[in-house]
Structure formats: structure tokens, C-alpha cells
Amino acid sequence: MAPPVAKSDMRKIALQGLWRDNPIFRQVLGICSTLAVTNLVANTLVMCTALVFTLSLSAATVSILRTLTPRNIRMMVETLIIAFYVIIVDVVLGAYWPAMRANLGPYVGLIITNCIVMGRCEAYGNSHPPGEAFLDGLFNALGYSFILLIVATFREVLGLGTFLGSPVPFFGGPAWDKWVIMVMPPGAFFMLAIVVWVFRSIQPAKEEKAK
Amino acid sequence: MREKRWFPVLYMFLVTAAFSSVVIGFTAVTRERVEANERLAFEAAVLAVLPGVYEPGLGGAEVHRRFVEQVSEPDDASGGAYTLRQGGQIAAYALPFDGQGFWAPIRGLIGIAADGKTVTGISFYEQTETPGLGAEIVKAAFRNQFKDKQLAREGQPINMKRPGAELDENDVHAVTGATQTSVRLEAIINRAVSEWRSQVGKGGE
């Protein structure tokens, strides 16, 4: 079905999604979910898995239909496709992991309006073959995921002294006065700002370099 | 055909129909599991308000076993409440309540001791209030307030006062920033308690 993607293309797509055009620290998209679901690593992992699934498959589906879809209604079709995959995730969670669905609250449903998904479908899926669109979606979602996991790890360890629910040495012990603010909403803003700052210093944008 | 003016309409219609059928099929396949999960959430909520039969973190099978073994279904004597019985006597009631919340229905249970007055707990098994505001009603910090409160014989059985206000034996603090949820929940609980009292005759001894 999907034409094979050349190795060099694949490297380029991977590098862009994960690093050069990273959705979080470069494009600063999908920030609402970054702030909302990163207080526990377990919630973040499930959220990231849901986004990887939704983004790669909806980009590929948009790409498959791209020659057929009339241009003037393409956004409606994209939203429909994204909603389709998100509902599938939501139904699966409701059936097999209701506790996690309750933890994530409305945020699974809100993947529909996650700007990264719509952004990749519009900017890439619409104009590239399905194989490449799938990879682009996959690597953008992975780029989003690894930043979220960094934020979540710091928040959970500093705020609760645990990682994935089990105590970590030192931070879980009495010597560490837990920074509860890290697992509350303000902690997300602090951590996200620090992470974006650090990554932008490591990898400045072209226009920033030119100055 | 693609240039025709009606083509986008037809296309959208067909695409929507195709994707929707898959979603509908998928939902139908998982319905049984979803219903079983909802049933378990309800059973856990019933156990949670009855004294001495529940601790957090119980597995689904254990919740179901305890529910079946220890909880009696509502009957005439209990006024629509589930009951915990010891030696044939009612030890506590778990009274279901439901009503419109801020966004969608709130459903839960309030536990009442055999004296018909002392609250043994409150729990929710269905609500979609605003996360961080109204949805705080499901947190232990809010729910624990109800334990050992005395339902008033006159006036409202339970009052929700603004956060920080002084509390009487039938008052709890409302949720900060969630006036609508608090006001509605107060009315839902009080209506359920009043109706229940009129049925079991625990109104004014």
C-alpha cells in the first residue's frame, strides 16, 4: 500500500520530528496537554502512546485520501479522521483501563484539538505519500513524548519522591522535603519553561544563530 | 465528477458514514466490558460509604465479592437504599443520589448509620464536573468532610458553607471556585435524604 520510504528520507524525517522541528521546544505546540498530564509518569506514558497512535495513523489516513478530498472541505475531513482515531483510543481505555481513563479525564478527548495533530496533517500529510506522512507523524509524536516524559519525571520525582509510583532512593526518603508544588499546576509551568530553555540553548534556531 | 458542486457534500457524507460505522461497530463490541466496568465502579462506590467493608486499592474481583456477600439490595424497609446488615439488623444504609451537575449528571451515594442521622461517608461513581474545580468533589479532602456529620432534623439535612466558614455538625465546606457544582450537589443530596426519610420514617425522633 504505502510506497517504501528511502533511508535518507527517513533519517531526515526522524531528525526533524525529534529534534530540529520538535513540536514542544521548537514549534511550541500541544502545550495544554504538556501542562495537564505530566504530574505522574504513568499518565504521561499513556497520553504519549495515545498521541503516537493518533498522530501517525491520522497523518497516514489524511495522506491516503489527499488526492480524493476536495480542497475546500479538507479541514473538516482531517478533523473527522483525527476524531475517529481519538474515539477509538477513548473506547479502548474505557473498556480495558477505566482507572486510567478517569485519571486522564477529558485530555484524551482533547487530543482531537491538539495542535500538533492538526498541524502535521495540514503541513505534511496533505502533501506527502502515506508512508512518509506516517513516519512524520510518528516522529513528531515521539518528539513530543520524550519532552513530556522528561517534564513528568522531574515533576513526579521532585514532587512525590516516586517514579512510576514506586519510591526512588533519596527523593523518596525523609531527607528530601517533597516539593508538592511540582505536581500541582504551577510546577508544570516551571518545568516546561526550564526544559524549553535548556533545549533551545543546546539547539538554537537558525534565525537566532544568524544574529 | 470531482468538479461538480455537489461532490464535496457527497464526499463528506460518505467519509463520515464510513468512519462512524467503524466507531459504532467498535463501541458495540466493547459494550459488555464497559458496562461491567461501570457496574464495578458502582459497587466500589457503595462499599466506600459503608463502614468497615472497603479500603482503597481493592481489586475488581474483591470489590464484587464483598458487594455480593455483604450488601443487601434496596427493599421496602430501606427506602431505596442499599444496606449493610449484621445479624439481620440494618447496620448502615448506602443511599443513592443523582441529579444534574454543572455539565452532566452527578451520581453517587451517601452512607448513613443505623440511627438515620450519622453520615458514614459519601462517594461518586459518575460525574463530569470541571477538572480541578467541580471535579474536586471526588477527592478525599472533600469527601472526608462528610464522615460523622449529623444530618439536621429541621431545615436542610446538610449545608455547604463557603470555604473558611465556621462549621456546625451538619455543615461542610463547599469547593473553592465551583459554586455551581457545590450548590447543585447540596440540593441533590438534600433531596435524596429528605425523600428517603419520608419513606423509612427516620425524620424526627
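Thresholds applied
- Residues numbered from 1 in each chain as written.
- Chains lettered and ligands numbered in written order.
- Predicted model: local features only at pLDDT ≥ 70, side-chain atom pairs only at ≥ 80, totals over all residues.
- Axes fitted to C-alpha atoms, helices over the stretch in contact; angles between N-to-C directions.
- Helix = DSSP H or I, 4+ residues; strand = E, 2+ residues; numbered from the N terminus.
- Parallel < 35°, antiparallel > 145°, perpendicular 65-115°, else oblique.
- Left-handed = near helix turned anticlockwise from the far one by under 90°.
- Contact = placed C-beta atoms within 7 Å.
- Nonpolar A, V, L, I, M, F, W, Y, C, P; charged D, E, K, R; others polar.
- Buried ≥ 20, exposed ≤ 12 C-beta atoms within 10 Å, placed from the backbone.
- Core = buried A, V, L, I, M, F, W, Y, C linked by C-beta atoms within 7 Å.
- pLDDT = per-residue confidence, 0-100.
- Pairing = 2+ DSSP bridges.

### So, the packing of helix 7 (residues 130–160) of chain A against helix 8 (residues 185–202) of chain A
Geometry of a packed helix pair, given as the angle between the helix axes and the separation of the axes. Residue and element names in this part refer to chain A. Two elements in contact, helix 7 and helix 8, have axes whose closest approach is 10 Å; the angle formed by their N-to-C orientations is 130°. Looking at the two axes, helix 7 sits oblique to helix 8. The crossing of helix 7 and helix 8 is right-handed. Contacts between helix 7 and helix 8 pair Ile147, Ile150, Val151, Phe154, Arg155 and Gly159 from the former with Gly187, Ala188, Met191, Leu192 and Val195 from the latter. Across the contact of helix 7 with helix 8, the residue classes tally to eight nonpolar, two polar and one charged.

### Thoughts on unusual backbone geometry
Negative phi is the rule for most residues except glycine; trans is the rule for most peptide bonds. Residues and elements named next belong to chain A. With phi around 50°, Val28 is a residue other than glycine that occupies positive phi space. Along the chain, the position of Val28 falls in the loop between helix 1 (7–20) and helix 2 (31–36). A tally of 14 C-beta atoms within 10 Å means that Val28 is categorised as partly exposed. In the Ramachandran plot, Phe170 falls in the positive-phi region, its phi being about 65° despite a non-glycine side chain. Among the structural elements, Phe170 can be located in the loop between strand 2 (166–167) and helix 8.

### Quick notes on the interface of chain A and chain B
Tallying the contact residues gives 16 residues for chain A and 16 residues for chain B. The residue makeup of the side of chain A that touches chain B, split by class, is twelve nonpolar, four polar and no charged.

### A few points about the nonpolar core
If you look at the biggest cluster of nonpolar residues, it comprises 44 residues, and the most contacted ones within it are Val46, Leu47, Leu50, Ala94, Leu95 and Ile110 of chain B. Counting only elements with at least two residues in this core, the list comes to helix 1 (7–49), helix 2 (60–70), strand 2 (82–86), strand 3 (89–100), strand 4 (105–113), strand 5 (119–126) and helix 4 (179–200) of chain B. When residues no more than four places from it in sequence are discounted, the contact partners of Ile110 of chain B are Val49, Leu95, Phe97, Val119, Ile122, Ile189 and Val193 of chain B. Ala60, Val89, Cys121 and Ala152 of chain A belong to the second-largest nonpolar core, a separate cluster that totals 43 residues.

### Quick look at the confidence of the model for chain A
Reading predicted coordinates in detail is not appropriate for stretches of low pLDDT. Mean pLDDT for chain A: 88, with 95% of residues reaching 70 or above. Taken element by element, the predicted model of chain A shows its lowest mean pLDDT in helix 9 (residues 206–210) of chain A (62) and its highest in helix 3 (residues 41–64) of chain A (94).

### Here we look at the confidence of the model for chain B
Averaged over all residues, the pLDDT of chain B is 90; the fraction at 70 or higher stands at 98%. Under the prediction, the complex receives an ipTM of 0.80, its pTM being 0.79.

### Some remarks on the pairing of strand 3 of chain B
Residue and element names in this part refer to chain B. Examined bridge by bridge, strand 2 and strand 3 share five bridges and lie antiparallel to one another. Within strand 3, the position partnered with Thr83 by the bridge is Tyr93. Across nine bridges, strand 3 lies against strand 4 in antiparallel orientation. Of the residues in strand 4, the one forming a bridge with Tyr93 is Ile112. Counting the residues in the hairpin turn of strand 3 and strand 4 gives four residues.

### Brief notes about the sheet that holds strand 5 of chain B
All names here are of chain B. Read from one edge to the other, the open sheet built from five strands follows the order 1-2-3-4-5, with strand pairing classed as antiparallel. One side of each edge strand has no neighbouring strand; the edge strands of this open sheet are strand 1 (71–72) and strand 5. Here two bridges tie strand 1 to strand 2, and the two strands are oriented antiparallel to one another. Within the sheet, the bridge partner assigned to Ser72 lies in strand 2 and is Thr83.

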